[in-house]
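Report on the structure
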Amino acid sequence: MRDTAEIVLGLLPPDVKYGDIRVIRRTHEQVLVELDGPGEVNYDDSLGLGLRVLIDGQWGFAATHRLDPQGLDAVVAQAVGQARATGGGGHVVLGTPVTTRDTWSSPMDVDPFTVPLSTKLDLLAATVKEAATAGPLVQQIEASMDFYRDEKVFANTEGALIEQTLTESGGGLMVNAGDGNDVQRRSFPQGVPRQIRGQRGDFATAGFEHVLSLGLVENAARVAAEAVELLSAPQCPDEVTTLVAGSNQLAMVLHECAGHPMEADRALGTEASLAGGTYATPERRGNFRWGTPIVSAYADATIPGALGSFKYDDEGTPSQRTQLVKDGIFLGYMSSREYAGALGLESTGQARADGWQRLPLVRMTNICLEPGESSLAEMIDGTKRGILVDINRGFSIDDQRMNFRFQTEIGWEIKDGKVGRMLKNCTYQSDTPTFWGSLDALGGPSEWRVHGVPSCNKGEPLQVAHVGHGTVPGRFRNVQVGR
């Protein structure tokens, strides 16, 4: 892979002012067990390269799985031809040259690709068996785990040569219960839909030890029993009330309200798909009241073991922490070299591509809330009337990422400082500054945890990024719920 990268850079013609190449081998294993079904195993392995060149300020990009001499000549000709075909006149500014030479692998205790398949199948089968104890109203159970390994070589014409290996592991459980009149779902540890490339559950940049730490078997019966109980639970009320959101639910709100809006390519108008605009425009940076003074948020790709962590992005820029919101004020962007240059800034190291065949985009890494000084128990104790919600089931958001509506898998009534009846079909709606401007309490450091989300979508063709969210529970006053 390293030799291939160096050969391709040597084939570039003199008018290429900048070029970079990523040679990547991606290995993915998925293991799935369903109720009354046989185990299913999917395994794929992909090797190829993506080449990016800059000529007269215009990009050209090409990718290939052919790593023979003819394939390398062809990919260079295609990328260079694409850049020349635009006729020049671009104004791409890349900032400080990237010249790093390094080798790095993400840490792990147990290599998931060395764990016997029988061990994985047995764990998932035990999870399904436990979930099935909830009774005949349980109609569907799926337990799965996924493992990824990306071996990457990055090199550029500025002298960088970086070899990086990332290993990711995760797993989860989904239970559907039905009684002929209603269907309710519960997921564990979080509600990631499996139709997005097949992953479900909580993930980390770690080894098999992360799957073992999830407690799939230990939580299966409770999760399935909750799915059954939801069938007879009362509907979420329609009212303006106090909303207490669990950290898992706040992870997805943060993802949509801060993560995507604060990607620099959206702010500059070059990303428009999938609700691709943003309220976080450059003139609002530093003066837009995003939330109450107790809320601060940041992106951090250096958190050990978090799913959005790495040592270098796909432009060779080192991982780092970037303040996005400070004391309730929108402060900064996530960026690549190109979009940072357009804003007169240095890259924050968030250019990432979904494999060798995709162009790097500005992608969030680990978007995190700074913890507060309260706790979930204190928030509930201080609430006379409200609802407690957790585990995202779905959402809608406008194309400026301002107005939104979220649905959760489960909720509970809060009355006089106590958690009461379970509620089903809980929803809430607001707009970003109003919602975060109603925040009056955040959980403390002991409740802070990173949720690994393997299904962040962006771009056309669609690219799926793996990201993390460090969050705590939060309490919001005067929120419309139930509509």
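This write-up is about the structure you can find in this document.

So, how was this worked out
Residue indices follow the written sequence of each chain, beginning from 1 at its first position. Residue-level local features of this predicted model are given only where pLDDT is at least 70; pairs of side-chain atoms are given and counted only at 80 or more, and the full residue set underlies all totals for whole chains, interfaces and linings. The side-chain quantities take in all heavy atoms of the structure and omit both hydrogens and water. Under the DSSP-based scheme used, a helix requires at least four consecutive residues in state H or I and a strand at least two consecutive residues in state E, with every element numbered from the N terminus. To get the radius of gyration, use the C-alpha atoms; to get the globule rule, take the number of residues to the power 0.38 and multiply by 2.2 Å. For the exposure calls, accessible area comes from a 1.4 Å probe over protein chains only, and a residue counts as buried if that area is under 20% of its type's maximum, exposed if over 50%, partly exposed in between. We call two residues in contact whenever any of their non-hydrogen atoms come within 4.5 Å of each other. Computed with the Shrake-Rupley method and a 1.4 Å probe, the accessible areas treat only the protein chains shown as cover for residues. Only four residue types enter the charge count, namely Lys and Arg as positive and Asp and Glu as negative; His and the chain termini do not. By convention, the point assigned to a charge is CZ for Arg, NZ for Lys, CD for Glu and CG for Asp. Pairs were defined over the aromatic rings of Phe, Tyr and Trp, the Trp ring being its six-membered one, requiring ring centres within 6.5 Å. Orientation was assigned from the angle between planes: stacked under 30 degrees, edge-to-face over 60, tilted for the rest. Two conditions define a charge sitting above a ring: the NZ of Lys or the CZ of Arg must be within 6 Å of the ring centre, and it must be within 35 degrees of the ring normal. Two strands qualify as a pair provided that DSSP identifies no fewer than 2 bridges between them. In this analysis an axis means a line fitted to C-alpha atoms, helices contributing only their contacting stretch, and an angle means the value between N-to-C directions, from 0 to 180 degrees. Definition of nonpolar core: a set of buried residues of the types Ala, Val, Leu, Ile, Met, Phe, Trp, Tyr and Cys, connected through side-chain atoms within 4.5 Å. Salt bridges are defined by distance alone: a side-chain nitrogen of Lys or Arg within 4 Å of a carboxyl oxygen of Asp or Glu.

**Regarding the overall build of the chain**
Each helix and strand in the chain was counted, giving 10 helices and 23 strands. At 23 Å, the chain has a C-alpha radius of gyration in line with the 23 Å of a compact globule built from 483 residues. By its C-alpha atoms, the chain is 70 × 55 × 35 Å across when sized along the principal axes. By the burial criterion, 60% of the 483 residues in the chain qualify as buried. For the chain, restricting intrachain contacts to residue pairs at least 6 apart in sequence, the fraction spanning at least 24 positions comes to 75%. Per element, the accessible surface of the chain, about 18,200 Å² overall, is 50% carbon and sulfur. When the 44 positive and 61 negative side-chain charges of the chain are each reduced to one mean point, those points stand 3 Å apart.

**Some remarks on the packing of aromatic side chains**
Scanning the model with the defined rule gives 13 aromatic pairs in all. When the ring of Phe435 is compared with that of Phe476, the centres are 4.0 Å apart and the planes differ by 15 degrees; the resulting orientation is stacked. With a gap of 41 residues between them, Phe435 in helix α10 (residues 432-436) and Phe476 in strand β23 (residues 474-481) connect regions that are remote in the sequence. Using a relative accessible area of 0% as the deciding quantity, one classes Phe435 as buried. Among the aromatic side chains, those forming a connected cluster through ring pairs are Trp290, Phe395, Phe404, Phe406, Tyr428, Phe435, Trp436 and Phe476. Looking at Arg52, its charged tip hangs above the ring of Trp59, at a distance of 4.2 Å from the centre. The aromatic ring of Tyr298 is capped on one face by Arg321, whose charged end is 3.6 Å from the ring centroid.

**Overview of the environment of Ser144**
Among the secondary structure elements, Ser144 is positioned in strand β5 (residues 138-156). Measuring from C-alpha to C-alpha, the distance between Ser144 and Arg421 comes to 31 Å, with 277 residues separating the pair along the chain.

**Quick word on the sheet that holds strand β15 (residues 366-369)**
Pairing within the open sheet is mixed, and its 6 strands lie in the order β12-β11-β10-β15-β22-β21. Bordering the open sheet on either side are β12 (329-330) and β21 (449-458), each of which pairs with just one other strand. On top of the sheet, helix α6 (residues 247-259) reaches β10 (297-300), β15, β21 and β22 (463-471); it is set at about 120 degrees to β22, its chief contact.

**With respect to the nonpolar core**
Ranked by size, the top nonpolar core spans 50 residues in total, and within it Met262, Trp290, Tyr428, Phe435 and Trp436 carry the most contacts. Per element, the largest residue contribution to this core is 6 residues, and it comes from α6. In contact with Phe435, other than residues within four places in its own chain, are Leu243, Val253, Phe404, Tyr428, Ser430, Phe476 and Val479. Judged by nonpolar contacts, the second largest core, of 26 residues, contains Val31, Ala131, Val211 and Leu216.

**Describing the pattern of salt bridges**
The full count for this structure, using the stated rule, is 31 salt bridges. Here Glu315 and Arg52 are joined by a salt bridge, their closest N and O atoms 2.9 Å apart. Of this pair, Glu315 sits in the loop between β10 and β11 (321-326) while Arg52 sits in strand β2 (residues 40-55); the two residues are 263 residues apart in sequence, bridging distant segments of the chain. In this structure, Glu263 and Lys458 form a salt bridge, with 3.0 Å as the shortest nitrogen-oxygen distance.

**Notes on unusual backbone geometry**
With omega at -5 degrees, the peptide bond leading from Phe188 into Pro189 counts as cis. In this structure, Pro189 sits in the loop between β7 (183-188) and β8 (202-204). A cis amide bond, omega 0 degrees, links Glu460 with the succeeding residue Pro461. Turning to its location among the elements, Pro461 is positioned in the loop between β21 and β22. The phi dihedral of Ile391 falls on the positive side, at around 70 degrees, and the residue is not glycine. The phi dihedral of Arg401 is positive, around 55 degrees, even though this residue is not glycine. Within the secondary structure, Arg401 sits in the loop between β16 (385-397) and β17 (403-415).

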